[in-house]
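# Overview (structure and organization)
Read off the chains here:
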Amino acid sequence: QVQLMESGGGFVHPGGSLRLSCVASGTFDRITHMEWYRQTPGSQRDLVASDVDLGTSYYTPPVKGRFTISRDGAKNTVYLQMNSLKPEDTGLYYCRIRAVVNARRGEWWGQGTQVTVSS
């Protein structure tokens, strides 16, 4: 049974910082991708940042230089450090992983954590 638990969301003023965490529980052969998505009302979930276990990262252009994704492989945890937050960063942030479990590939989502940036 794979479960993802996100934490760290909240309310912050523009220019502030938040750190999101996502812990993946279960037995994995390998977690290839650990990712953060953002969804706002009426919109689809959009990829914000991705960490690949081969050592590469991706950021959507609006967050480059402000957000940092990192992974603790020993804890199966991914973090998203968000600095210089803007109102347009507001949304429900979801953690997603792509992993191999019992030699089968799959993907799993967390329940989401709300981030609100407002003055």
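All residue numbers refer to position in the chain's written sequence, counted from 1. Whole-chain, interface and lining totals are the exception, using all residues; otherwise, since this is a predicted model, local features are given only for residues with pLDDT of at least 70 and side-chain atom pairs are given and counted only at 80 or more. Note that water and hydrogens are dropped before the side-chain values are worked out from all heavy atoms of the structure.

## A word on the packing of aromatic side chains
Ring pairs are drawn from Phe, Tyr and Trp, using the six-membered ring of Trp, whenever the two centres fall within 6.5 Å, and their geometry is named by plane angle: stacked under 30 degrees, edge-to-face over 60, tilted for the rest. Tallying each qualifying case throughout the model produces two aromatic pairs. When the NZ atom of lysine or the CZ atom of arginine is within 6 Å of a ring's centre and also within 35 degrees of its normal, the charge is said to sit over that ring. For the cation-ring pair, Arg 19 lies above Tyr 79, with the distance from its terminal atom to the ring centre recorded as 4.0 Å.

## Some thoughts on the nonpolar core
Only buried residues count toward a nonpolar core. Its members are Ala, Val, Leu, Ile, Met, Phe, Trp, Tyr and Cys residues joined through side-chain atoms within 4.5 Å. Only protein chains enter the calculation, and the probe is 1.4 Å; a residue is then buried if its accessible area is under 20% of its type maximum, exposed if over 50%, and partly exposed in between. Residues Phe 28, Trp 36, Phe 67, Leu 80, Met 82, Tyr 93 and Ile 97 are the most contacted members of the largest nonpolar core, which totals 28 residues. Where helices and strands are cited, they refer to DSSP runs of H or I of at least four residues and of E of at least two residues respectively, numbered from the N terminus. Elements that contribute at least two residues to this core include exactly strand S3 (18–25), strand S4 (30–39), strand S5 (46–52), strand S7 (67–72), strand S8 (77–82), strand S9 (91–101) and strand S11 (113–117). We call two residues in contact whenever any of their non-hydrogen atoms come within 4.5 Å of each other. If we ignore the near neighbours within four places in the chain, the residues touching Met 82 are Gly 16, Ser 17, Leu 18, Leu 20, Arg 66, Phe 67, Tyr 93 and Val 115.

## Regarding the sheet that holds S8
Any two strands with at least two DSSP bridges between them are considered paired. Here we have four strands laid out as an open sheet, ordered S1-S3-S8-S7, and antiparallel in their pairing. Edge positions in the open sheet fall to strand S1 (3–7) and S7, since each of these has one partner strand only. Here the strands of the sheet are splayed against their neighbours by 15 degrees on average, with no regard to which way each runs. When S3 meets S8, the two strands line up antiparallel, connected through six bridges. For Arg 19, the partnering residue across the bridge sits in S8 and is Gln 81. For helices, the fitted axis covers only the stretch in contact; all axes are lines through C-alpha atoms, and the angles between them, taken along N-to-C directions, range from 0 to 180 degrees.

## Re the state of the cysteines
When two cysteine sulfur atoms are found within 2.5 Å, that pair is recorded as a disulfide. Counted by the stated rule, this structure contains one disulfide. Note that Cys 22 is cross-linked by a disulfide to Cys 95, the S-S spacing being 2.2 Å. A torsion of -80 degrees about the S-S bond marks the disulfide between Cys 22 and Cys 95 as left-handed. With Cys 22 in strand S3 and Cys 95 in strand S9, the pair connects residues that are 73 residues apart, well separated along the chain.

## Some words on the environment of Gly 55
Relative to the helices and strands, Gly 55 is located in the loop between S5 and strand S6 (56–59). A C-alpha to C-alpha distance of 30 Å links Gly 55 and Pro 87, two positions 32 residues apart in sequence.

## Describing the pattern of salt bridges
For salt bridges, the criterion is a side-chain nitrogen of Lys or Arg within 4 Å of an Asp or Glu carboxyl oxygen. Per the counting criterion, the structure on display carries seven salt bridges. Salt-bridge contacts for Asp 53 lead to Arg 30; the nearest nitrogen and oxygen are separated by 2.5 Å. One end of the pair, Asp 53, is in the loop between S5 and S6; the other, Arg 30, is in strand S4, with 23 residues separating them in the sequence. Residue class for Arg 30 comes out partly exposed when judged on its relative accessible area of 37%. Between Arg 98 and Glu 35 there is a salt bridge, with its nearest N and O atoms 3.0 Å apart. Of this pair, Arg 98 sits in strand S9 while Glu 35 is found in strand S4, placing the two residues 63 residues apart along the sequence. For Glu 35, a relative accessible area of 2% translates into the label buried.

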